[in-house]
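# Residue-level structure breakdown
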Amino acid sequence: MLWGGLKPIKRQFVFDCLTLGLLAQSSFIQYSNCHKIILVTTCLVTIITVGWTKRWTISLPMVPIVLLQTLRYFSAIEEDDDNWRAFSIKAFSLLFAFKSLLLTILFPALKISNIKGKYNVGIIDLHLPVDNFAQDYVNVRFLYPTMEKTTRIPYLDSEISAKICKSLIEVGAPPPLNKFGFLLDHWRLSTVRGKRNASPFLPVRHSDSNGKNEPEQESCSSLLPIVVYSHGLTASAELYSYQTMSLAANGTFVMSITHSDASAIAVKRKDGSCLGYDPHIANLAREKETFLESVRSRRRQVEYRANEVLTAMDALLQLNKRNIQELHDLGASFVNKLNVKDITMMGHSFGGATALTVANRRPDLFICCVAHDPAIDWCTDESRKSLFSKDRFIGSELTYQGGTGGISKYDSDDVNNMQPNMHDLDLYFLYSHEWAKLGWGHYNYVRDMFRRGKLGKTNGPTDVTFVFGSKHSEFSDTCMKLPLWLARAVGTTGVRNPHETSKEIFERTAFFIDEVREKRIFKTKLE
């Protein structure tokens, strides 16, 4: 296929081709009122619908084409094939139109995979009121099953989408491309199918003669299981839409947090301003002399993030008891609709470190923890002590030294008293092929503990594995929205179609969570 299996926004591609066709046609027809109407209308419609930068592949080459056609008018050039000036203008106009076509093919406006599940997805973006935190709210996105009819809604928050796209280029692109902040503006054209502020739907289940839980409309409603999601560095809740919306479409309530520790690419504050990404710590990591300080700074951020998650969870649990004014104004309520005894903590990369830290601090809140490519070296000292306690390496060929900078008072007696901890939960470590091969995210240590039965709850479905042919960024939506040739050239996307990779990540994650739930149900029946 032309785009290697990626999914262009069809209506936008058709519009792009139509625009290019009209621009090319205006270069050849005789200068007249019809010529002027075609040229002016094409330009106005393009600028009004997508602006100057959302389809820069069209708008930028369009400028010289318009100038050349204007020159035809003011120079009174005869429409004669023997007139070299007329021929030059036509040739250059056609050249710019061809360049625009080439850019449109190389940089298509892409979308993420369609969300597939039993239900439609409701979406609420909220400044969730909280207590006992650095600020009086946490930025959250609620995703949940609904039966209301969905519409196409913007993939990114329209108020800060320009900031997000510009910042992603500044942070992620190599020089000199990082100076062109508009290169990702076509992301602002992308949409997802959902329903804002919809009423939640409680999936209904019954037990058949075999004791299996199956959906049944006439049976009594069940409560919504919960997943709390923490995003990676230079990301946000929106950039994990495929994973989180897929969970919601299959009957789960998801609270995805956009963190306010300056690790997110952009955060919309309550007052309407925007908190951007702070590159200071990343700059420290580039120098050998300051690398250790950069890691310690990341660990402090994880501590902040963990506090933010737990604070938001306290507020979420209260929503199951009573509604808040912010949700009441939106016509939504989750009172008596959440299964507070079925909560999964989940995160990717920096969010994976956050998830493990949260689960270690409050394992009583969760049934399991899922870490996608976790940046374990950025976990707090307490979390790393618990995860890699010395008694778990007795008989192993590996010895954990505490990670970058080590851990103060790292001894087994100290760790054995740190109960309860994350090992009281079922744990799922899902790595990219890239990180597993390089041993990043302490993959070798985690895998060694798993093989020797020293990871997670005893006799539980704890697992450690990787997704073949995948790269670190494929856990987010990023790789589905970048041209494949470019993403592979810079090492962002692996050898597989990122849509297939994302689907596998979701299916394997969902399978693990379902397995945890089934074992809990079976254990409850035995008791």
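Within each chain, residues carry numbers counting from 1 in the order of the written sequence. pLDDT decides what is reported in this predicted model: residues at 70 or higher carry local features, side-chain atom pairs at 80 or more are listed and counted, and totals for whole chains, interfaces and linings draw on all residues regardless. Hydrogens are left out, water is left out, and the side-chain values use all remaining heavy atoms of the structure.

Turning next to the overall build of the protein. Each helix and strand in the protein was counted, giving 16 helices and 16 strands. A 1.4 Å probe rolled over the protein chains alone gives each residue an accessible area, and that area as a share of the maximum for its type sets the label: buried under 20%, exposed over 50%, partly exposed in between. Counting only residues that meet the buried cut, the protein has 53% of its 527 residues in that class. Contacts were defined at the residue level, with two residues in contact if any of their heavy atoms lie within 4.5 Å. Of all intrachain contacts in the protein linking residues separated by at least 6 positions in sequence, the fraction that spans at least 24 positions is 72%. Only the protein chains shown count as cover for residues, with accessible areas throughout obtained via the Shrake-Rupley method and a probe of 1.4 Å. Summed over all atoms, the accessible surface of the protein reaches about 24,100 Å², with 55% contributed by carbon and sulfur. Counted as positive: Lys and Arg. Counted as negative: Asp and Glu. His and the chain ends are not counted at all. Positions of charges follow a simple convention, taking NZ of Lys, CZ of Arg, CG of Asp or CD of Glu. For the protein, the distance from the average position of its 63 positive side-chain charges to the average position of its 55 negative side-chain charges is 2 Å. Numbering of helices and strands runs from the N terminus, with a helix taken as a DSSP run of H or I at least four residues long and a strand as a DSSP run of E at least two residues long.

This part takes up unusual backbone geometry. Residue Pro176 is bonded to the preceding Pro175 through a cis peptide linkage, with omega at 0 degrees. Its location among the elements puts Pro176 in the loop between helix H5 (161-172) and strand E6 (191-196). The phi torsion at Ala262 lies on the positive side, around 70 degrees, for a residue other than glycine. Structurally, Ala262 is set in the loop between strand E10 (253-257) and strand E11 (266-268).

Turning to the nonpolar core, a few remarks are in order. Buried together is how nonpolar side chains tend to be arranged in soluble globular proteins. Among the buried residues, those of types Ala, Val, Leu, Ile, Met, Phe, Trp, Tyr and Cys that are joined through side-chain atoms within 4.5 Å form a nonpolar core. In this structure, Leu128, Phe142, Phe253, Met255 and Phe429 are the most contacted members of the largest nonpolar core, which totals 63 residues. Judged by nonpolar contacts, the second largest core, of 50 residues, contains Leu156, Tyr240, Ala248 and Ile367.

We now examine the environment of Ile58. Inspection of the secondary structure assignment puts Ile58 in helix H3 (residues 56-74). Look at Ile58 and you get buried, because its relative accessible area is 2%. Put simply, Ile58 and Phe96 are 38 residues apart on the chain and 9.8 Å apart in space, counted from C-alpha to C-alpha.

With that settled, the discussion passes to the side chain of Asp342. By secondary structure assignment, the location of Asp342 is in strand E13 (residues 338-348). Classification of Asp342 as buried rests on a relative accessible area of 10%. A distance of 3.0 Å separates the side chain of Asp342 from the side chain of Arg517, its partner in a polar contact. Residues adjacent in sequence count toward polar contacts only when both atoms are side-chain atoms; beyond that, a polar contact is any pair of N or O atoms within 3.5 Å, and within protein one must be able to donate a hydrogen and the other to accept it.

For His127, the position within the fold is in strand E3 (residues 120-129). Of note is the side chain of His127, whose polar atom sits 3.3 Å from the side chain of Asn139. Separated by 2.9 Å, the side chain of His127 and the backbone oxygen of Lys268 make a polar contact. Among all residues touching His127, those that are not within four sequence positions of it are Tyr137, Val138, Asn139, Lys268, Arg269 and Lys270.

This part is about the packing of H3 against helix H4 (residues 84-106). Packed helices, taken two at a time, are described by the angle between their axes plus the distance between the axes. Relative orientation of the contacting elements H3 and H4 amounts to 170 degrees, with a least axis distance of 8 Å. Considering the angle they form, H3 stands roughly antiparallel to H4. Contacts between H3 and H4 pair Trp56, Thr57, Ile58, Pro61, Pro64, Ile65, Leu68, Gln69, Leu71 and Arg72 from the former with Ile89, Phe92, Ser93, Phe96, Ala97, Ser100, Leu103 and Thr104 from the latter. Throughout this entry, Asp, Glu, Lys and Arg are counted as charged residues, while Ala, Val, Leu, Ile, Met, Phe, Trp, Tyr, Cys and Pro are counted as nonpolar. The remaining residues, Gly among them, count as polar. Taken together, the residues that form the contact of H3 with H4 break down as 12 nonpolar, five polar and one charged. Axis lines are fitted to C-alpha atoms, over the contacting stretch for helices. Their N-to-C directions set the angle, which ranges from 0 to 180 degrees. In these notes the angle categories are as follows: under 35 degrees is roughly parallel, over 145 is roughly antiparallel, 65 to 115 is roughly perpendicular, and the rest is oblique.

One open sheet holds the 10 strands; their spatial order is E5-E6-E3-E4-E10-E9-E13-E14-E15-E16, and the pairing between them is mixed. The sheet is open, and its two borders are formed by strand E5 (151-154) and strand E16 (463-467), each paired with just one other strand. For this sheet, the mean angle separating the axes of adjacent strands, direction not counted, is 30 degrees. Two strands qualify as a pair provided DSSP detects at least 2 bridges between them. In this structure, E5 lies alongside E6, joined through four bridges in antiparallel fashion. The residue bridging Ile153 from the neighbouring strand is Val192, located in E6. Lying over the sheet, helix H8 (residues 291-319) contacts E3, strand E4 (137-146), strand E9 (224-230), E10 and E13, oriented at roughly 145 degrees with respect to E10. The sheet contacts of helix H14 (residues 443-451) involve strand E15 (426-432) and E16, and relative to E16 the element is tilted by about 135 degrees.

Moving on, we come to the packing of aromatic side chains. Ring pairs shown here join Phe, Tyr and Trp side chains whose ring centres sit within 6.5 Å, with only the six-membered ring taken for Trp; geometry is labelled stacked below 30 degrees between planes, edge-to-face above 60, and tilted in between. Applying the stated criterion to the full structure yields 23 aromatic pairs. On the numbers, 6.1 Å between centres and 80 degrees between planes, the contact of Phe180 with Phe182 is edge-to-face. You can call Phe180 partly exposed: its relative accessible area is 39%. Taking the centre distance of 5.2 Å and the plane angle of 45 degrees together, the rings of Tyr229 and Tyr240 count as tilted. Of this pair, Tyr229 sits in strand E9 while Tyr240 sits in the loop between E9 and helix H6 (241-249), placing them 11 residues apart in sequence. For the residue pair Tyr229 and Tyr240, the accessibility class agrees, reading buried in each case. Taken together through their ring pairs, the aromatic side chains of Trp56, Phe107, Phe180, Phe182 and Trp485 make up a single cluster.

What follows covers a nonpolar patch on the surface. Exposure above 30% relative accessible area and no salt bridge define the residues that can form patches, which grow by joining like charges within 9 Å and nonpolar side chains of Val, Leu, Ile, Met, Phe, Trp and Tyr within 5 Å. Here, a salt bridge means any Lys or Arg side-chain nitrogen found within 4 Å of an Asp or Glu carboxyl oxygen. Taken together, the side chains of Val40, Leu44 and Ile48 define a hydrophobic patch exposed on the protein surface, amounting to about 320 Å² of accessible area. By the secondary structure assignment, Ile48 is in helix H2 (residues 33-50). Residue Ile48 is classed as exposed on the basis of its relative accessible area of 70%.

Glancing now at helix H1 (residues 10-26). One turn of the α-helix equals 3.6 residues, which is why residues spaced by three or four share an orientation. In this model, H1 (17 residues) spans 24 Å end to end at C-alpha, consistent with the 24 Å of a helix rising 1.5 Å per residue. The secondary structure elements touched by the buried residues of H1 are H2, H3 and H4. A helix is expected to span 1.5 Å multiplied by its residue count minus one.

One pass over the full model with this rule turns up 17 salt bridges. The shortest N-O distance in the salt bridge between Lys268 and Glu159 comes to 3.5 Å. Here the residue Lys268 occupies a position in strand E11, and Glu159 occupies one in the loop between E5 and H5, the gap between them amounting to 109 residues. With relative accessibility at 59%, the residue Glu159 sits in the exposed group. A salt bridge links Arg452 to Asp448; its shortest N-O distance comes to 2.9 Å. Classification of Arg452 by relative accessible area gives partly exposed; the value is 25%.

Read these as geometric descriptors, not functional statements.
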